[in-house]
Amino acid sequence: MYDDPHSPAWTPLLEAAWKARDCAHAPYSRFQVGAALLTAGGEVIGGCNVENAAYPVSLCAERGALSAAVAAGLRPGGLVAAVVVTDVAELTPPCGACRQALIEFAGHLPVLLANRHTRQLHRLEDLLPHSFTGGHLR
Ligand code: THU
């Protein structure tokens, strides 16, 4: 289902991501990003980037969605799929920090990148190979 970028299963995630993107607070970069996460419990949770006048305080859409999902009960292993949307020609992949944050909750996460015209499907483990995880702390 989530191994096909054109599966209708992505529709609720795409809708949530676009809706969240409309709420992005990005007055500095003017680069609005929306994200949506699907949890094992079937919840779809959106997020948008939230910038700050003190630039490093800014938060990416993916980590905003992740924070909301954890607050809604998400635990490691409970992420099923993720979407990232932007309204620019080149698709936007999650930044390194967001890849690391997401992999804490799902090793094998399908990540769909989309704009108004095209989609591209990746797997989180391909976006962040040889990742550092809790297993390395033992
Ligand atoms: N941004 C995201 O929210 N997610 C990404 O995947 C890439 C970048 C945001 C951070 C910042 O607000 C703006 O895009 C420009 O970097």
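Placed above this text is the structure.
Below is a short write-up of the structure. Keep in mind that this is a model prediction, so the values were computed, not measured.

A word on the overall build of the protein
Next up, step 1: Counting secondary structure elements, the protein contains four helices and five strands.
Next up, step 2: Each helix (α) and strand (β) of the protein, taken in turn from the N terminus, gives the series α-β-β-α-β-α-β-β-α.
Next up, step 3: Against the 2.2 N^0.38 benchmark of 14 Å for 138 residues, the protein shows a C-alpha radius of gyration of 14 Å, consistent with a compact globule.
Next up, step 4: Considering the protein as a whole, with its 138 residues, one finds that 45% of them fall into the buried category.
Next up, step 5: Here the contacts in the protein between residues at least 6 apart in sequence split such that 61% fall between residues at least 24 apart.
Next up, step 6: Entry remark: accessible area of the protein is about 7,300 Å², with carbon and sulfur atoms responsible for 55%.
Next up, step 7: Charged side chains of the protein number 10 positive and 12 negative; the gap between the two group centres comes to 4 Å.

Section: the site of the ligand
Next up, step 1: What surrounds the ligand is the set Ser29, Phe31, Val33, Asn49, Glu51, Cys60, Ala61, Glu62, Thr92, Pro93, Pro94 and Cys95.
Next up, step 2: Within the side chain of Glu51, a nitrogen or oxygen atom sits 2.5 Å from an oxygen atom of the ligand.
Next up, step 3: Here an oxygen atom of the ligand and a backbone polar atom of Ala61 are 2.8 Å apart.
Next up, step 4: Summarising the interface, the protein chains cover 78% of the accessible area of the ligand, which totals 370 Å² for the free molecule.

So, the packing of aromatic side chains
Next up, step 1: Using the criterion set out here, one finds two aromatic pairs in the structure.
Next up, step 2: Between Tyr2 and Trp10 the ring centres are 5.0 Å apart and the planes differ by 85°, which places this aromatic pair in the edge-to-face class.
Next up, step 3: The exposure class assigned to Tyr2 is buried, which follows from its relative accessible area of 17%.
Next up, step 4: Taking relative accessible area as the criterion, Trp10 reaches 0% and is therefore assigned buried.
Next up, step 5: Taking 5.6 Å as the distance between ring centres and 45° as the angle between the ring planes, the aromatic pair formed by Tyr28 and Tyr55 counts as tilted. With Tyr28 in the loop between α1 (11-22) and β1 (34-39) and Tyr55 in the loop between β2 (44-48) and α2 (61-71), the pair connects residues that are 27 residues apart, well separated along the chain.
Next up, step 6: In this arrangement the basic side chain of Arg116 is found over the ring face of Trp18, its NZ or CZ atom lying 3.8 Å from the centre.

Thoughts on the pairing of β2
Next up, step 1: Judged from the five bridges that link them, β1 and β2 form a sheet pairing that is antiparallel. What sits directly across from Ala35, in β2, is Gly47.
Next up, step 2: Counted along the chain from β1 to the antiparallel partner β2, the turn is four residues long, and its residue Gly42 has a positive phi close to 90°.

Examining α1
Next up, step 1: The end-to-end C-alpha separation of α1 is 17 Å, in line with the 16 Å expected for 12 residues at 1.5 Å each.
Next up, step 2: Of the surrounding elements, those touching the buried residues of α1 are β1, β2, β3 (79-85), β4 (110-114) and β5 (119-123).

Some points on the nonpolar core
Next up, step 1: Counting residues in hydrophobic clusters, the biggest one holds 24 residues, and the most contacted among them are Leu37, Leu66, Leu79, Leu102, Leu109 and Val111.
Next up, step 2: At the level of elements, β1, α2, β3, α3 (96-103), β4 and α4 (124-127) are the ones that each hand at least two residues to this core.
Next up, step 3: The biggest single contributor to this core is α2, with four residues.
Next up, step 4: When sequence neighbours within four positions are dropped, the list of residues in contact with Val111 reads Ala82, Pro94, Gln120, Leu121, His122, Leu124 and Leu127.
Next up, step 5: Of all hydrophobic cores here, the second largest spans 15 residues; its members include Leu13, Ala16, Leu38 and Val83.

Cut-off values and rules
Residues numbered from 1 in each chain as written. Predicted model: local features only at pLDDT ≥ 70, side-chain atom pairs only at ≥ 80, totals over all residues. Heavy atoms only, no water. Helix = DSSP H or I, 4+ residues; strand = E, 2+ residues; numbered from the N terminus. Rg over C-alpha atoms; globule rule 2.2 N^0.38 Å. Buried < 20%, exposed > 50% of the residue type's maximum accessible area, 1.4 Å probe, protein only. Contact = heavy atoms within 4.5 Å. Areas by Shrake-Rupley, 256 points an atom, 1.4 Å probe, with all protein chains shown as cover. Lys, Arg positive; Asp, Glu negative; His and termini not counted. Charge placed at Lys NZ, Arg CZ, Asp CG, Glu CD. Near = heavy atom within 4 Å. Polar contact = N/O pair within 3.5 Å; in protein donor to acceptor, adjacent residues only side chain to side chain. Phe/Tyr/Trp six-rings, centres within 6.5 Å; stacked < 30°, edge-to-face > 60°. Lys NZ or Arg CZ within 6 Å of the ring centre and 35° of its normal. Pairing = 2+ DSSP bridges. Expected span 1.5 Å × (residues − 1). Core = buried A, V, L, I, M, F, W, Y, C linked by side-chain atoms within 4.5 Å.

Read these as layout, nothing more, since geometry by itself doesn't imply function.
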